[in-house]
Amino acid sequence: MIEVAALFYGVLASFIMASVSRNRREERINPPIVTLFGWVLLSFSAVMGTLLLGYAAFLLLTGITT
């Protein structure tokens, strides 16, 4: 299941980044939905990175092996 979520995240991130890049190259304003999804992806990435670092620190401090 994690593979499907990672694939979906990657496709969505690629689409958003390609849209933003194209709009910048053509000197157009991004539609609000592209901006919204960009912020959602940024927030999701930051939260997941923080949670995973916290989990790794917890495992390191408690000595639990996975």
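About the thresholds
Residues numbered from 1 in each chain as written. Predicted model: local features only at pLDDT ≥ 70, side-chain atom pairs only at ≥ 80, totals over all residues. Heavy atoms only, no water. Helix = DSSP H or I, 4+ residues; strand = E, 2+ residues; numbered from the N terminus. Rg over C-alpha atoms; globule rule 2.2 N^0.38 Å. Buried < 20%, exposed > 50% of the residue type's maximum accessible area, 1.4 Å probe, protein only. Phe/Tyr/Trp six-rings, centres within 6.5 Å; stacked < 30°, edge-to-face > 60°. Salt bridge = Lys/Arg side-chain N within 4 Å of Asp/Glu carboxyl O. Contact = heavy atoms within 4.5 Å. Patch = residues over 30% accessible without salt bridge, like charges linked within 9 Å, V, L, I, M, F, W, Y side chains within 5 Å. Areas by Shrake-Rupley, 256 points an atom, 1.4 Å probe, with all protein chains shown as cover.

(A) Main features of the overall build of the chain. The helix and strand inventory of the chain stands at two helices and zero strands. Against the 2.2 N^0.38 benchmark of 11 Å for 66 residues, the chain shows a C-alpha radius of gyration of 17 Å, more extended than a compact globule. Overall, the C-alpha framework of the chain stretches about 55 × 20 × 15 Å when taken along its three principal axes. The burial tally for the chain puts 11% of its 66 residues in the buried class.

(B) Representation of the packing of aromatic side chains within the structure. Applying the stated criterion across every chain, the model contains one aromatic pair. Taking 5.8 Å as the distance between ring centres and 50° as the angle between the ring planes, the aromatic pair formed by Tyr 9 and Phe 44 counts as tilted. Of the two residues, Tyr 9 is situated in helix H1 (residues 2-25) and Phe 44 in helix H2 (residues 32-62); the sequence distance between them amounts to 35 residues. What makes Tyr 9 partly exposed here is its relative accessible area of 29%. Given a relative accessible area of 44%, Phe 44 falls into the partly exposed group.

(C) Spatial organisation of the pattern of salt bridges. Evaluated as defined, the whole model comprises two salt bridges. The salt bridge partner of Arg 22 is Glu 26, with a shortest N-O separation of 3.1 Å.

(D) Up close: the side chain of Asn 23. Counting through the fold element by element, Asn 23 comes out in helix H1. In contact with Asn 23, other than residues within four places in its own chain, are Arg 28, Ile 29, Asn 30 and Pro 31.

(E) Looking closely at unusual backbone geometry. With a phi angle near 55°, Glu 27 is a residue other than glycine that sits in the positive phi range. Note on placement: Glu 27 falls in the loop between H1 and H2. Judged by relative accessible area, which is 74%, Glu 27 ranks as exposed.

(F) Region of interest: a nonpolar patch on the surface. Taken together, the side chains of Phe 44, Val 47, Met 48, Leu 51 and Leu 52 present a nonpolar region at the surface, about 470 Å² in accessible area. Note that Leu 52 resides in helix H2.

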